[in-house]
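A structural walkthrough
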Amino acid sequence: PATARFNFTPPKTGEYDVRIAWQPHENRSPNALVIVEGAKSGTPEQRVNQQEMPPIEKGFSSLGTYSFEGADPASITLSNDGAKGNIHADAIQLLPIEPAE
């Protein structure tokens, strides 16, 4: 399968809202595979519909909350394995979730 992989090291240990961005199109996959590696918690694999506009501003879609260790390398991979159409990868975004006071 073809893949697009984003490698990163989280800036610090903690929980993050992990987001991916793509441009929707009718030729994109309605079931693109997304794999999150290196997280201590969260859903390691899920499918996203890249025919639809991502719901968050600037074209992002949240994959959910993941816990990472700050010194450990991690990655997010988009794959066409089992996909019915093209996959498209623009960017990833990690937003730290601050603990409630």
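The preceding data block contains the structure.
Scoring rules and cut-offs
The residue numbering used here restarts from 1 in each chain and proceeds along that chain's sequence as written. Two thresholds apply to this predicted model, a pLDDT of at least 70 for residue-level local features and 80 or more for giving and counting side-chain atom pairs, whereas whole-chain, interface and lining totals are computed over all residues. In computing side-chain values, all of the structure's heavy atoms are included and hydrogens and water are not. Secondary structure is summarised from DSSP: a helix means a run of H or I of at least four residues, a strand means a run of E of at least two, and numbering begins at the N terminus for each. Both definitions apply: the radius of gyration is a C-alpha atom measure, and the globule rule equals 2.2 Å times residues to the power 0.38. The classification of residues rests on relative accessible area computed with a 1.4 Å probe and restricted to protein chains. Under 20% of the type maximum is buried, over 50% is exposed, and intermediate values are partly exposed. When checking whether two residues touch, look at their non-hydrogen atoms; a contact exists if any pair is within 4.5 Å.

1. Comments concerning the overall build of the chain
- The helix and strand inventory of the chain stands at 0 helices and 7 strands.
- Taken from N to C terminus, the helices and strands of the chain fall in the order β-β-β-β-β-β-β.
- Expected size for 101 residues packed as a compact globule is a radius of gyration near 13 Å; at 14 Å, the chain falls within 12% of this value.
- Residue burial in the chain is summarised as follows: out of 101 residues, 34% are buried.

2. Re the environment of Pro44
- Within the fold, Pro44 resides in the loop between β3 (32–37) and β4 (45–48).
- Sequence separation between Pro44 and Thr65 is 21 residues; the distance between their C-alpha atoms is 11 Å.
- The contact partners of Pro44, leaving out residues within four places of it in the chain, are Val34, Ile35 and Val36.

Geometric values such as these leave the question of function open.
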